[in-house]
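Descriptive structure summary
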Amino acid sequence: MSHALGVSRPRGLEALPEGHWLQRIDPRTRIVAAMAYAFLLVACRDLRVLGIGLGIGVGLMLAARLPLGPTLRRTLGVDLFIVMLLLLLPFTTPGQVWFQWGPLTATWDGLWRGVEIGLKAAGVILMLLVLVGTMDATRLGHGLHRLGVAPKLIHLLLFTVRYMGVLRREFLRLRQAMRARGFVPRSDLHTWTSYGYLFGMLLVRSLERSERVLDAMRCRGFDGRFHLLDSLRLGQADWAFGTVFAAGLILLGGLEWAGG
Amino acid sequence: MHIVDGALSGPVLAAGGAVTLAGTAWGLRSIGEREIPRVGLLSAAFFMASLIHVPVGPSSVHLILNGLIGLVLGWRAFPALLVALLLQAVFFGFGGVVVLGVNVANIALPAVLIHFLLRDALGRFRGRTAVFAMGLLAGAGSIMGTTLLVAASLAGSGQEFLPAAELVFFTHIPVMVVEGLLTGAALVLIRRVRPELLHRVAEAAPLAEPAPALAAEGRS
């Protein structure tokens, strides 16, 4: 009964506590670092370079003392269709023959292409989880704001984060009401239409809530603009981290360029 | 249907990024300042949908419901989905960074298309069966659109992805059916409880009439 509750995805990683060394680094530095790393890693082709790149991510994860289990589960958890995609690659890529299995021919080229995609995907997500996933959503919003992302998008982000938890509880309440009336999810029409009603109800209730929220905000003088108050400053920690991280990226780029 | 980083080619990534950038800019323009709580809450509701697993045969699928997103939000689906997918990547590790634009475009483009194809027709139909049928069409059609775009993103990135692209399409046919039925039921309910959700979300309508709370309590 894994879907008895209907929600079986893992919950997000907890934000790191205030005093943690990673939290002393400005959100902007962390966001820019994770993005630069992602673009560089996606551009690399050399498997050794990609391996070292992933190693940097693992090193940072260990240095930040993140819980290993949840972090790695999120890094490796992908859609089933990505798994199919990678498993099919050796059989669909032309190149040097690896083995033959009935009518199917697997190639080394396809295998290495699959490994390449796997290393890139894992590296990018791991670095994102370590550097950005460890900050609370408010910090993320402020960081993105100071990096020049449109204010409306930031407000949308902050609202979404604020009400995700509220709606989750609302959903579980509705779900519990269904269970109380003896509803058991099965693979049939009744289940699917019931889920449709459930989600429609969730939408209706969130809309009603948003009207109450807006009313309450207007009572407090909301005029359509949020004022994001933050005290973000780039300090010594940022320069130190930024320099070391940039050196790492330049090294990776250099290895790729020299190796290619 | 989140594609991971590393699989797609440069041109596909650039095209997806450009579409998402343009769609988000256009969507943000049409969000009135006072509408932000409303779009934010709907965006959170759709984020919730992606966490719900629905049994299908021996397995289960998680919902996307982009047909419903499109009908309710129109162009605003782009910023709402961008926020949702960004949060999924940052806090849950789904998808990727460079590929984010492609993932958003693949889900949001069919949503917007459904909005323009079906919104006017939806206003004209009143009967329960007709509304359900529209929802079926919207739900199944938008997932089919997303699946085709995912397949196209893969096929555009290399010949070796072609079989996988076809497999993606065929394995998602049950998902299309389920999302269609779900969207149909959700539309029937919304149409009965809060019909203005489907039409008036476009205007900034600051103060709504008191919600029909009793009717809302009765069905869930």
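Residues numbered from 1 in each chain as written. Chains lettered and ligands numbered in written order. Predicted model: local features only at pLDDT ≥ 70, side-chain atom pairs only at ≥ 80, totals over all residues. Heavy atoms only, no water.

Broken down by element type, chain A carries nine helices and two strands. In sequence order, the secondary structure elements of chain A are arranged as α-α-α-α-β-β-α-α-α-α-α. Since a compact globule built from 260 residues should have a radius of gyration of about 18 Å, the 23 Å found for chain A marks it as more spread out than a globular shape. Principal axes of the C-alpha set define a box for chain A whose edges measure 65 × 60 × 30 Å. Every one of the 260 residues in chain A was classed for burial, and the buried ones make up 48%. Long-range pairs, those at least 24 residues apart, make up 71% of the contacts in chain A between residues at least 6 apart in sequence. Surface summary for chain A: the accessible area is close to 13,000 Å², and the carbon and sulfur share equals 64%. On chain A, the mean spot of the 30 positive side-chain charges and the mean spot of the 17 negative ones are 6 Å from each other. (Helix = DSSP H or I, 4+ residues; strand = E, 2+ residues; numbered from the N terminus. Rg over C-alpha atoms; globule rule 2.2 N^0.38 Å. Buried < 20%, exposed > 50% of the residue type's maximum accessible area, 1.4 Å probe, protein only. Contact = heavy atoms within 4.5 Å. Areas by Shrake-Rupley, 256 points an atom, 1.4 Å probe, with all protein chains shown as cover. Lys, Arg positive; Asp, Glu negative; His and termini not counted. Charge placed at Lys NZ, Arg CZ, Asp CG, Glu CD.)

On to the packing of aromatic side chains, then. Applying the stated criterion across every chain yields a total of 14 aromatic pairs over all chains. Judged by centre distance (6.3 Å) and plane angle (10°), the rings of B:Phe92 and B:Phe94 are stacked. Across the pair, B:Phe94 and B:Phe92 agree in class, each one buried. Counting every residue linked through ring pairs, the aromatic cluster contains A:Phe91, A:Trp98, A:Phe99, A:Trp108 and A:Trp112. A:Arg162 extends its terminal NZ or CZ atom over the ring of A:Tyr163, reaching a point 4.7 Å from the ring centre. (Phe/Tyr/Trp six-rings, centres within 6.5 Å; stacked < 30°, edge-to-face > 60°. Lys NZ or Arg CZ within 6 Å of the ring centre and 35° of its normal.)

Our next topic: a nonpolar patch on the surface. Residue and element names in this part refer to chain A. A surface patch of nonpolar side chains, amounting to about 690 Å² of accessible area, comprises Trp98, Phe99, Trp101, Leu104, Trp108, Trp112 and Val115. Elements that contribute at least two residues to the nonpolar patch include exactly strand S1 (97-101) and helix H5 (108-131). By the secondary structure assignment, Trp98 is in strand S1. Residue classification places Trp98 among the partly exposed residues on the basis of a relative accessible area of 34%. (Patch = residues over 30% accessible without salt bridge, like charges linked within 9 Å, V, L, I, M, F, W, Y side chains within 5 Å. Salt bridge = Lys/Arg side-chain N within 4 Å of Asp/Glu carboxyl O.)

What follows concerns helix H8 (residues 173-193) of chain B. Counted at 1.5 Å a residue, the expected span for H8(B) with its 21 residues is 30 Å, and the 30 Å between its end C-alpha atoms agrees. With 17 of 21 residues buried, H8(B) lies mostly within the body of the structure. (Expected span 1.5 Å × (residues − 1).)

This part is about the confidence of the model for chain A. Residues and elements named next belong to chain A. Summarising the model, chain A shows a mean pLDDT of 86, and 94% of its residues fall at 70 or more. The lowest-confidence element of chain A is helix H4 (residues 80-92), averaging 83 in pLDDT; the highest-confidence one is helix H1 (residues 27-43), averaging 95. Note on residues 1-10: pLDDT under 50 across the span, and 30 contacts to partners over four residues away in sequence or across chains. (pLDDT = per-residue confidence, 0-100.)

Residues and elements named next belong to chain A. Pairing geometry for S1 and strand S2 (residues 104-107), over four bridges, is antiparallel. When the sheet's bridge partners are listed, Phe99 is paired in S2 with Ala106. Adjacent in sequence and paired antiparallel, S1 and S2 are bridged by two residues, among which Gly102 carries a positive phi angle near 60°. (Pairing = 2+ DSSP bridges.)

Our focus in this paragraph is the domain arrangement of chain A. When the parts of a complex come together, some accessible area is lost, and that lost area is often used as the size of the interface. All names here are of chain A. Split into domains, chain A comes out as domain 1 (10-148 + 232-260) and domain 2 (150-229). Taken together, the contact between domain 1 and domain 2 spans eight residues of the former and eight residues of the latter. Between domain 1 and domain 2 the total buried area reaches about 670 Å² when both faces are included, carbon and sulfur atoms providing 76% of it. Together, Ala137, His142 and His145 form the three largest contributors to the area buried by domain 1 at its contact with domain 2, with a combined 56%. Across the domain 1-domain 2 interface, the total number found is zero salt bridges. Applying the counting criterion to the domain 1 and domain 2 interface returns zero residue pairs in polar contact (both at pLDDT 80 or more). Looking at the side of domain 1 that touches domain 2, its residues break down into three nonpolar, five polar and no charged. (Domains from an automatic or database assignment. Buried area = accessible area lost by both parts, 1.4 Å probe. Polar contact = N/O pair within 3.5 Å; in protein donor to acceptor, adjacent residues only side chain to side chain. Nonpolar A, V, L, I, M, F, W, Y, C, P; charged D, E, K, R; others polar.)

The next subject is the side chain of A:Arg205. Residues and elements named next belong to chain A. Mapped onto the fold, Arg205 is located in helix H8 (residues 189-219). A relative accessible area of 15% means that Arg205 is categorised as buried. At a separation of 2.8 Å, a polar atom in the side chain of Arg205 contacts the side chain of Glu170.

The next subject is the pattern of salt bridges. All names here are of chain A. Applying the stated rule across the entire model yields 15 salt bridges over all chains. A salt bridge links Arg139 to Asp136, with the nearest nitrogen and oxygen atoms 3.5 Å apart. A salt bridge links Arg205 to Glu170; the shortest N-O distance between them is 2.8 Å. Of this pair, Arg205 sits in helix H8 while Glu170 sits in helix H7 (residues 151-180), placing them 35 residues apart in sequence. Glu170 gets classed as buried once you look at its relative accessible area, which sits at 6%.

To characterise two packed helices, one gives the angle between the axes of the helices and the distance between these axes. Contact geometry for H7(A) and helix H2 (residues 36-49) of chain B: axes closest at 7 Å, N-to-C directions at 50°. The orientation of H7(A) relative to H2(B) falls into the category oblique. Taken as a pair, H7(A) and H2(B) cross one another with a handedness that is right-handed. Taken together, the residues of H2(B) that come into contact with H7(A) (itself represented by A:Lys152, A:His155, A:Leu156, A:Phe159, A:Thr160, A:Tyr163, A:Met164, A:Leu167, A:Arg168 and A:Phe171) are B:Ile36, B:Pro37, B:Val39, B:Gly40, B:Leu41, B:Ser43, B:Ala44, B:Ala45, B:Phe47 and B:Met48. Among the residues making up the contact of H7(A) with H2(B), the classes are represented as 14 nonpolar, four polar and two charged. (Axes fitted to C-alpha atoms, helices over the stretch in contact; angles between N-to-C directions. Parallel < 35°, antiparallel > 145°, perpendicular 65-115°, else oblique. Left-handed = near helix turned anticlockwise from the far one by under 90°.)

Turning our eyes to something else, we now look at the interface of chain B and chain A. The interface is formed by 88 residues belonging to chain B together with 87 residues belonging to chain A. When chain B packs against chain A, close to 7,900 Å² is buried across both sides, 76% of that on carbon and sulfur atoms. Linking chain B to chain A there are four salt bridges. Applying the counting criterion to the chain B and chain A interface returns 10 residue pairs in polar contact (both at pLDDT 80 or more). The element contributing the most residues to the side of chain B that touches chain A is H2(B), with 14 residues. When the residues that make up the side of chain B that touches chain A are grouped by side-chain class, the tally is 62 nonpolar, 15 polar and 11 charged.

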